[in-house]
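Structural characterization, general
Next come the chains, spelled out residue by residue.
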Amino acid sequence: LATGSCPCVDAIPVLRDAAADFRLPVDASGLPALEETLTWGDERFFVVGVMAALRVGPDAGNLTGARRAADICAAHLGCHDSLLEEGNVLANMYAAFGGDSESGSESESSSG
């Protein structure tokens, strides 16, 4: 949806029709009633952008909010699970380059 559109499900025909056809929940402000994972209803619809502002935050409609929403969706879908299983590279991006840093400190302390 373009900048300047009304952030309301009823104002956007495709969202209005989807909400009616799939019985998706809409809150009192007219925004989709989302789970913390940005899913809308039981149909695995994901909502990002200004329509997810109540979950993502006030910057939901810009690039920072889009990045945050993408991280939430990817985590829910398990997109990074294989990376975590192969050495926890996401926790420390430099871990893949080094060896066991503790072994060097042990040999120094035992020699002294």
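As the structure is a prediction and not an experimental result, all values here were calculated from the model.

1. Topic: the nonpolar core
Residues L38 and W40 are the most contacted members of the largest nonpolar core, which totals 17 residues. Going through the elements one at a time, α1 (13–21) and α3 (63–77) are the ones with two or more residues in this core. The element contributing the most residues to this core is α1, with 3 residues. If we ignore the near neighbours within four places in the chain, the residues touching L38 are F45, F46, V47, V48, A52, R55, V56, A69, I72 and C73.

2. Remarks on the confidence of the model for the protein
Residue-level pLDDT values for the protein average 81, and 70% of them are 70 or greater. Within the protein, strand β1 (residues 39–40) carries the highest mean pLDDT (96), whereas helix α5 (residues 101–111) carries the lowest (51).

3. A few points about a negative patch on the surface
A cluster of acidic residues, E35, E36, D42 and E43, forms a negative patch on the protein surface. For D42, a relative accessible area of 78% gives the class exposed.

4. Topic: α1
Of all the residues in α1, the buried ones are L15, A18 and A19. An end-on view of α1 places all buried positions within 100° of arc, on one side of the element. Facing away from the buried side of α1, by more than 90 degrees, are the exposed residues A20 and D21. Looking at the buried side of α1, the elements it contacts are β1.

Parameters at a glance
- Residues numbered from 1 in each chain as written.
- Predicted model: local features only at pLDDT ≥ 70, side-chain atom pairs only at ≥ 80, totals over all residues.
- Heavy atoms only, no water.
- Core = buried A, V, L, I, M, F, W, Y, C linked by side-chain atoms within 4.5 Å.
- Buried < 20%, exposed > 50% of the residue type's maximum accessible area, 1.4 Å probe, protein only.
- Helix = DSSP H or I, 4+ residues; strand = E, 2+ residues; numbered from the N terminus.
- Contact = heavy atoms within 4.5 Å.
- pLDDT = per-residue confidence, 0-100.
- Patch = residues over 30% accessible without salt bridge, like charges linked within 9 Å, V, L, I, M, F, W, Y side chains within 5 Å.
- Areas by Shrake-Rupley, 256 points an atom, 1.4 Å probe, with all protein chains shown as cover.
- Salt bridge = Lys/Arg side-chain N within 4 Å of Asp/Glu carboxyl O.
- Lys, Arg positive; Asp, Glu negative; His and termini not counted.
- Charge placed at Lys NZ, Arg CZ, Asp CG, Glu CD.
- Arc of directions from axis to C-beta.

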